[in-house]
Amino acid sequence: MKRVEDLTAQCIRCGFCLEDCPTFTETGSELESPRGRIYLVRSAVEGKLRWQEDVKPHLDRCLGCRACETACPSGVQYGAILEFARDKIEQEKPSALKKGFLAGTTSPTILRTQLNLARLLPGKRVPGPLSKLLSGETAEADLPTLPTALKGDPLAGMDQASLPAVKGEVYLLEGCAMRVLYPHVHWATRRLLRRIGYVVREVPQGCCGALHAHNGYLDEAKKMGNSLVQTLSGDLPIVVNSAGCGSTMKEYGHLLETEAGAEFAKRTFDLSEFLLQNGLQEELAKAKGLSQRITYHDACHLSHGQKITEAPRALLKSIPNAEYVELPESLTCCGSAGIYNVVQPKLARRLLNRKWKHVESTQATVVAMGNPGCHGWIAQASRETGGRIEVVHTAELLERAFSG
Ligand code: SF4
Ligand code: SF4
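Not measured: the values here are computed from a predicted model.

Asker: Sorry, what's going on with the site of ligand 1 here?
Answerer: In the vicinity of ligand 1 there are 13 residues, among which Cys11, Cys14, Gly15, Cys17 and Cys72 approach most closely. Among the residues making up the shell around ligand 1, the classes are represented as nine nonpolar, two polar and two charged.

Pasting the structure below:
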């Protein structure tokens, strides 16, 4: 791993990133910009500023969206700087509450239990006392609703005559929140993979460590990452339908600092790129299609983290009978950003309102995306405005083009 001094030294302070940084455009403050935050981290590393008092409040307001990396002509690895700095801050003064919240969110069993128990409390939002403790502000995020469990074979009912022969197996990352809150997305994913000749090798698996890496717990993230590398060993491709997880897994070489981590990263694919590379467009040409006006929101860890913007668009545009329309400011964060909408609810709400205004401006009937965090947060905006625009994962919409 590069030293943080070398990473921060790459910033030439040109300011090209400023207008692409959502927290800078919302606040107008240099300290809430990538350039300002890099300067703060460098100064703290040199001992000129204090991590807790001078640096932490500004890093807490950073979304970790990495739009600054896309804009930066100097190749600054802002995500790596942020992970280092947040880890440093947590090591110096650990937050038991934040750590506990993350542990609950990344364990499917605890998450399910917590959501069931929280439903017993009044209100539809994240319980007020928890939000106050974590953020000092009133909660904005609705508690996720547990979906009805899906039972049976996800491949049941597919028209066998229209399917290609099985040509291989893949691993599918089940994730932690993803498997609890969006099992139907995994269902659609398995069907889409089968449509291009792949079946999923089922393996019990744990969390990838993405939320821990992004929130200041690099040791825990490494443990989870090393465990996943062992569990999904061999040479099968690993398909991921959650952008935040995929982004971290593609950076395991850097995070785990092992050859096995780097090799694992090379086998990791976002679902959209795997489907496009393996012929789903050709299959879509034969599908029934959808009479819908579709738009697409770029999840930050897919567009800025993995540099994938074209694959989902190419697939969505290939749905017969559908009309595709671009979303203004599609590359700007919606404010969900992992646990950001819980720990920074006010700023997250401003970004959600901005995102939703753009979604409505497209007059689409459905908006697709490839990350569970954005999915839940943007769906909340839809509910709050009457639910006229459906919010779905890209996989759901693509599968619907075949099966209706
Ligand atoms: S664009 Fe890159 S080099 Fe320029 S100020 Fe931003 S982070 Fe620094
Ligand atoms: S990660 Fe996003 S919010 Fe943070 S500095 Fe970069 S552009 Fe701004």
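Asker: In this structure, what is going on with the site of ligand 2? I would like to understand it.
Answerer: Lining the immediate surroundings of ligand 2 are 13 residues, of which Cys21, Cys62, Cys65, Arg66 and Cys68 lie closest. Elements that contribute at least two residues to the shell around ligand 2 include exactly α2 (22-27), α3 (34-45) and α5 (67-71). For the shell around ligand 2, the per-class residue count stands at nine nonpolar, two polar and two charged.

Asker: Explain the nonpolar core to me, please; I cannot follow it from the model alone.
Answerer: Most often, soluble globular proteins have nonpolar side chains that are buried together. Core analysis: the largest hydrophobic core is formed by 78 residues, its most contacted members being Leu193, Leu275, Leu280, Leu316, Ile319, Leu397 and Leu398. Among the elements that make up this core, the one with the highest residue count is helix α22 (residues 345-361) (six residues). Looking at this core, you find at least three residues from each of domain 1 (4-92) and domain 2 (286-403). For Leu398, the residues in contact, after removing those within four places along its chain, are Leu192, Leu275, Leu280, Leu284, Leu315, Leu316 and Ile319. Within the second largest apolar cluster, 25 residues are counted, among which are Val4, Cys62, Val76 and Ala85.

Asker: Is there a simple way to explain the domain arrangement of the protein in this structure?
Answerer: Think of interface size as the accessible area that goes away when the parts come together; that is how it is often given. Annotation of the protein at the domain level lists domain 1 (4-92) and domain 2 (286-403). Relative to domain 2, the C-alpha centre of domain 1 lies at a distance of 27 Å. Each partner contributes to the interface: domain 1 provides 14 residues, whereas domain 2 provides 15 residues. Between domain 1 and domain 2 the total buried area reaches about 1200 Å² when both faces are included, carbon and sulfur atoms providing 57% of it. Seen at the junction of domain 1 and domain 2, the total is two salt bridges.

Asker: How should the packing of α22 against helix α23 (residues 372-384) be read in this particular structure?
Answerer: Describing two packed helices takes the angle between their axes plus the distance from one axis to the other. Their axes nearest at 10 Å, the elements α22 and α23 cross at an angle of 65°. Classified by the angle their axes make, α22 and α23 are roughly perpendicular. Crossing angle aside, the handedness with which α22 passes α23 is right-handed. The residues of α23 that touch α22, namely those facing Ala348, Arg349, Leu352, Lys355 and Trp356, are Trp377, Ile378, Gln380, Ala381, Ser382 and Glu384. Among the residues forming the contact of α22 with α23, the class breakdown is six nonpolar, two polar and three charged.

Asker: Honestly, the environment of Gly338 in this entry has me stumped. Any pointers?
Answerer: Tracing the backbone shows Gly338 in the loop between β6 (323-324) and α21 (340-343). C-alpha separation for the pair Gly338 and Gly244, spaced 94 residues apart in sequence, amounts to 7.9 Å.

Asker: Where do I start with the packing of aromatic side chains in this structure?
Answerer: Note on aromatic pairs: each is described by the distance of the centres and the angle between the planes. A complete count under the given rule lists four aromatic pairs for this structure. Every member of this aromatic cluster is reached through a ring pair, and the members are Tyr198, Phe269 and Phe274.

Asker: So what exactly am I meant to see when it comes to the pairing of strand β5 (residues 293-296) here?
Answerer: Regular strands show a simple pattern: their side chains alternate between the two faces of the sheet. Bridge count between β5 and β6: two bridges; the pairing is parallel. Bridged to Arg293 within β6 is Glu323. Bridge count between β5 and strand β7 (residues 366-369): three bridges; the pairing is parallel. Bridge pairing in β7 links Tyr296 to Ala368.

Asker: How should the pattern of salt bridges be read in this particular structure?
Answerer: If the charged atoms of two oppositely charged side chains come close together, the side chains can form a pair. In this structure the tally under the stated criterion is 33 salt bridges. The salt bridge involving Glu323 is made with Arg293; its shortest N-O contact spans 2.6 Å. Of this pair, Glu323 sits in strand β6 while Arg293 is found in strand β5, placing the two residues 30 residues apart along the sequence. A relative accessible area of 42% places Glu323 in the partly exposed class. Salt-bridge contacts for Glu360 lead to Arg388; the nearest nitrogen and oxygen are separated by 3.9 Å. Of this pair, Glu360 sits in helix α22 while Arg388 sits in the loop between α23 and β8 (390-393), and the two are 28 residues apart along the sequence. Overlapping salt bridges, with partners in common, bring together Glu26, Glu329, Arg350 and Arg354 in one network.

Calculation rules
- Residues numbered from 1 in each chain as written.
- Chains lettered and ligands numbered in written order.
- Predicted model: local features only at pLDDT ≥ 70, side-chain atom pairs only at ≥ 80, totals over all residues.
- Heavy atoms only, no water.
- Near = heavy atom within 4 Å.
- Nonpolar A, V, L, I, M, F, W, Y, C, P; charged D, E, K, R; others polar.
- Helix = DSSP H or I, 4+ residues; strand = E, 2+ residues; numbered from the N terminus.
- Core = buried A, V, L, I, M, F, W, Y, C linked by side-chain atoms within 4.5 Å.
- Buried < 20%, exposed > 50% of the residue type's maximum accessible area, 1.4 Å probe, protein only.
- Domains from an automatic or database assignment.
- Contact = heavy atoms within 4.5 Å.
- Buried area = accessible area lost by both parts, 1.4 Å probe.
- Salt bridge = Lys/Arg side-chain N within 4 Å of Asp/Glu carboxyl O.
- Axes fitted to C-alpha atoms, helices over the stretch in contact; angles between N-to-C directions.
- Parallel < 35°, antiparallel > 145°, perpendicular 65-115°, else oblique.
- Left-handed = near helix turned anticlockwise from the far one by under 90°.
- Phe/Tyr/Trp six-rings, centres within 6.5 Å; stacked < 30°, edge-to-face > 60°.
- Pairing = 2+ DSSP bridges.

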